[in-house]
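For reference, the chains in residue letters:
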Amino acid sequence: MKILLAPDKFRGSLTGLDVCNAMRDGILAANPTAEVIAIPMADGGEGTAEILTQDAGGFFVETEVMDPLWRPIRANFGMTPNRQTAFLEMASASGLKLLSSEERNPLKTSTYGTGELIIKAFEAGAKHIILGIGGSATTDAGIGMAAALGWRFCDKTGNELAPIGENLLHIEQIIPPESPLIDVTIDVACDVTAPLFGPSGAAYVYGPQKGADEAAVKTLDAGLQHLSAIIQRDFGIDLAYQPGTGAAGGLGFGLLFFLKANLKEGVKIVMEQTHFEEQLEGVDLVLTGEGKMDEQTLQGKLIAGIARAAKERNIPVIALCGTLLLTTHDIQSLGLSYARSILPRPMALPEAIEYAYQGVKETSHSLVSLFTLLQQ
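What counts as what
Residues numbered from 1 in each chain as written. Predicted model: local features only at pLDDT ≥ 70, side-chain atom pairs only at ≥ 80, totals over all residues. Heavy atoms only, no water. Helix = DSSP H or I, 4+ residues; strand = E, 2+ residues; numbered from the N terminus. Rg over C-alpha atoms; globule rule 2.2 N^0.38 Å. Buried < 20%, exposed > 50% of the residue type's maximum accessible area, 1.4 Å probe, protein only. Contact = heavy atoms within 4.5 Å. Areas by Shrake-Rupley, 256 points an atom, 1.4 Å probe, with all protein chains shown as cover. Lys, Arg positive; Asp, Glu negative; His and termini not counted. Charge placed at Lys NZ, Arg CZ, Asp CG, Glu CD. Pairing = 2+ DSSP bridges. Axes fitted to C-alpha atoms, helices over the stretch in contact; angles between N-to-C directions.

Colleague: Looking at this structure, how should I read the overall build of the protein?
Modeller: The helix and strand inventory of the protein stands at 13 helices and 13 strands. The C-alpha radius of gyration of the protein comes to 22 Å, within 12% of the 21 Å expected for a compact globule of 376 residues. With the C-alpha coordinates aligned to their principal axes, the bounding extent of the protein is approximately 80 × 45 × 35 Å. In the protein, which comprises 376 residues, the share counted as buried stands at 55%. Residue pairs in contact within the protein that sit at least 24 positions apart in sequence constitute 72% of those at least 6 positions apart. Summed over its atoms, the accessible surface of the protein is roughly 16200 Å², and 49% of this surface lies on carbon and sulfur atoms. Between the mean site of the 28 positive side-chain charges and the mean site of the 44 negative ones, the protein shows a separation of 0 Å.

See below:
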């Protein structure tokens, strides 16, 4: 029996590699002769750069950049052994995880550090950058990133503006750098299809979780609309309604305009880089999973992508999770054969986190024991 493991992390408890190890322990206890292939996965959020770097046999580069509130921090990015491709996460420079709850305010935060990270990767030799943009603390449409690359943003009196969310509304002139600072292809791992502004855009949908109150959300949304109008007026480019432009507080939009980047579904990038479909050859069963399976799981993220690829080869896919909030119909619509929580009973969060490894191991053992029996 050949089993492929392709789980995401269980946020707050297990990394993707931890989940793979727990699954492997349970599988081999149930079927010692099973061939197990482990490919920890991600969909463009936190952990993507680490997974891709490890899969490529690469290395990490540590550098200093500005955090969302302009404080110097240490951040890293991965590179392939030949330095041609770099793996970056905007969350390492401009992420919500870098701020305390009291500091979260997308009117004041900036993606400047993400721009610095891109420059550092280029200076290290990268010709191709894969950038994950999950977990942002910002709603600046990427003007902070652009400022790090030499773009300038001025108000109606010609004064240069700080590239932060609240100043989007005051931009009247956008001045490109005299010459491009970098010449690199950028693929953006993006698991969000939101437009730049409007009820389903960057400010209204994601602003509150970054600390924006109702008034701030309205200000940010107006600013995003204004920036889009200025770019359309002065550059003749209209990108605002392209899917994904609202990702990471509009960074998707900024990457498209300022760097001519390619927005791609995060899970597809990871599957391409790890040669996932090639790994399916001869596989009898796929085990995947994530910490919580809910409505977001239905929106084309990691598990859905894995199930689609396996279904094309008629390979059954079973998903494990901590919290299962999907109906039987939902599970079937994803292309899964089965989904199950690893928790044997209700638990408080601290206990569930502590139990996670054992839960994945025991659940994998039970499922593979049953699957082996059915195959006989």
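Now that the structure has been shown, we can carry on.
Colleague: Explain helix α9 (residues 266–273) to me, please; I cannot follow it from the model alone.
Modeller: Each α-helix turn comprises 3.6 residues. Residues three or four places apart therefore point the same way. Every buried residue of α9 is listed here: Gly266, Val267, Ile269, Val270 and Met271. Each element contacted by the buried residues of α9 is listed here: α2 (48–55), β6 (128–132), β9 (185–190), β10 (262–265), α10 (276–279) and α11 (302–311). Following α9 by one or two positions, His275 adopts a phi angle in the positive range, close to 55°.

Colleague: Which parts of the structure should I look at to understand the pairing of strand β5 (residues 85–89)?
Modeller: Two faces belong to every sheet, and in a regular strand the side chains alternate between them. The buried fraction of β5 is high, at five of five residues. Residues Thr85, Phe87 and Glu89 of β5 are buried on one face, and the alternating residues Ala86 and Leu88, pointing to the opposite face, are buried as well. Across two bridges, the pairing between strand β4 (residues 72–79) and β5 is antiparallel. When the sheet's bridge partners are listed, Met79 is paired in β5 with Ala86. Between β4 and the antiparallel strand that follows it, β5, lie five residues; Arg83 among them carries a positive phi value of about 65°. Relative to β6, β5 runs parallel, the two sharing five bridges. Paired with Thr85 across the strands is His128, a residue of β6.

Colleague: Looking at this structure, how should I read the sheet that holds strand β13 (residues 338–341)?
Modeller: Backbone-to-backbone hydrogen bonds join strands into a sheet, with any given pair of strands oriented parallel or antiparallel. What the five strands build is an open sheet, ordered β2-β1-β11-β12-β13; its pairing is parallel. The open sheet terminates on both sides in strands that have one partner only, identified here as β2 (35–38) and β13. With strand direction ignored, the average angle separating the axes of adjacent strands in the sheet is 25°. Note that strand β1 (residues 2–5) and strand β11 (residues 285–293) share three bridges and pair parallel. By the bridge assignment, Ile3 is partnered in β11 with Leu285.

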